[in-house]
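Single-letter residue listing:
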Amino acid sequence: MSAFITSPSYHVLPLSRVQANAASGMAVHDDCKLKFLELKAKRTYRFIVYKIEEKQKQVIVEKLGEPAQSYEDFTASLPADECRYAVYDFDFVTAENVQKSRIFFIAWCPDTSRVRSKMIYASSKDRFKRELDGIQVELQATDPTEMDLDVIKSRAS
């Protein structure tokens, strides 16, 4: 049984939807979830970079990485001085010689980004991440060394 509240204009809204937006007020564009599902199920993309559009108060897809693109291509697509969320599908071989894949969620908030931007990304992260069902590893990075390939490899296994 779902709880409901009534808005001032007397529209009935699911309570869970209202609470989910209470932290930061950021909506999540449908494309964010759809592209993530394509990455997860069909492996259509190697990575997805997400951006918060502050004026529209929503998270949108900024860039899609083709399956053949490398981890270096992915890191090069992140701005040096602006926050982003990203998902990366990392393929690796285990010590037992088994091919595996891990889906990483990366919260990129460089030290050089604006304080307001850092606050918005930090307060929206958990709600956004919940929209992407299937994240296996989470990583937060404030400079490139915190998400270099060695870090990814060590966190994958």
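Just so it is clear, the model here is predicted, and its values are computed rather than measured.

Some remarks on the sheet that holds strand β3 (residues 27-28)
Taken in spatial order, the 6 strands of this open sheet run β3-β5-β4-β6-β7-β8, and their pairing is mixed. Looking at the sheet topology across the chains shown, the edges are occupied by β3 and β8 (137-141).

Observations regarding the pattern of salt bridges
In the structure shown here, the tally under the stated rule is 13 salt bridges. Ionic pairing is found between R114 and E54, a salt bridge with its closest N-O pair at 3.3 Å. Of the two residues, R114 sits in the loop between β7 (99-108) and α4 (115-131) while E54 sits in the loop between β4 (47-53) and β5 (58-65), which places them 60 residues apart along the sequence. Close ionic contact of R127 with E131 constitutes a salt bridge, the shortest N to O distance being 3.2 Å.

A short note on the environment of Y88
Inspection of the secondary structure assignment puts Y88 in strand β6 (residues 84-93). Judged by its relative accessible area of 5%, Y88 falls in the buried class. Expressed as a C-alpha distance, the spacing of Y88 and I152, which sit 64 residues apart in the sequence, is 9.9 Å. If we skip the residues at most four places from it in the chain, Y88 touches R46, F47, S70, Y71, F74, R102, I103 and F104. In terms of polar contacts, Y88 uses its side chain to reach the backbone amide nitrogen of Y71, at 3.4 Å.

Details of the layout of surface pockets
The space that makes up the largest pocket amounts to roughly 190 Å³. Along the walls of the largest pocket sit 13 residues, with I52, E54, E82, R114 and S117 positioned nearest its centre. Where the lining of the largest pocket is concerned, the elements lending two or more residues are β4 and α4. Top contributing element to the lining of the largest pocket by residue count: β4, with 3 residues. Broken down by class, the residue content of the lining of the largest pocket amounts to 3 nonpolar, 2 polar and 8 charged.

Observations concerning helix α2 (residues 30-42)
Since one α-helical turn is 3.6 residues long, residues separated by three or four positions face the same way. If you check α2, its first and last C-alpha atoms are 18 Å apart, about what 13 residues at 1.5 Å a residue would give, namely 18 Å. Looking at α2, one finds that the buried residues are C32, K35, F36 and L39. On an axial view of α2, the arc spanned by its buried residues comes to 105°, and they lie on one face. Pointing more than 90 degrees away from the buried face of α2 are the exposed residues D30, A41 and K42. Summarising the contacts, the buried residues of α2 are in contact with β3, β4, β5, β6, β7 and α4.

Here we look at the confidence of the model for the chain
Fine structural detail should not be taken from predicted coordinates in areas where pLDDT scores are low. The share of residues in the chain with pLDDT of 70 or more is 85%, and the mean pLDDT across the chain is 87. In the model, residues 4-23 has pLDDT below 50 throughout and makes 20 contacts with residues more than four positions away in sequence or in other chains.

What to know about the nonpolar core
Note that soluble globular proteins tend to have their nonpolar side chains buried in a common cluster. In terms of nonpolar packing, the biggest core is built from 21 residues, with Y50, Y85, V87 and F128 touching the most fellow members. At the level of secondary structure, the elements contributing two or more residues to this core comprise α2, β4, β6, β7 and α4. For V87, the contacting residues outside a window of four places in its chain are F36, L39, R46, F47, I48, Y50, I103, F104, F105, L132 and I135. If you look at the next biggest cluster of nonpolar residues, it comprises 18 residues, including Y71, F74, F90 and F104.

About the criteria used
- Residues numbered from 1 in each chain as written.
- Predicted model: local features only at pLDDT ≥ 70, side-chain atom pairs only at ≥ 80, totals over all residues.
- Heavy atoms only, no water.
- Pairing = 2+ DSSP bridges.
- Helix = DSSP H or I, 4+ residues; strand = E, 2+ residues; numbered from the N terminus.
- Salt bridge = Lys/Arg side-chain N within 4 Å of Asp/Glu carboxyl O.
- Buried < 20%, exposed > 50% of the residue type's maximum accessible area, 1.4 Å probe, protein only.
- Contact = heavy atoms within 4.5 Å.
- Polar contact = N/O pair within 3.5 Å; in protein donor to acceptor, adjacent residues only side chain to side chain.
- 1 Å grid on protein atoms, 1.4 Å probe; cavity = no way out; pocket = protein on both sides within 12 Å on 5 of 7 lines; lining within 4 Å.
- Points joined across faces, edges and corners; volume = space filled by probe spheres on them.
- Nonpolar A, V, L, I, M, F, W, Y, C, P; charged D, E, K, R; others polar.
- Expected span 1.5 Å × (residues − 1).
- Arc of directions from axis to C-beta.
- pLDDT = per-residue confidence, 0-100.
- Core = buried A, V, L, I, M, F, W, Y, C linked by side-chain atoms within 4.5 Å.

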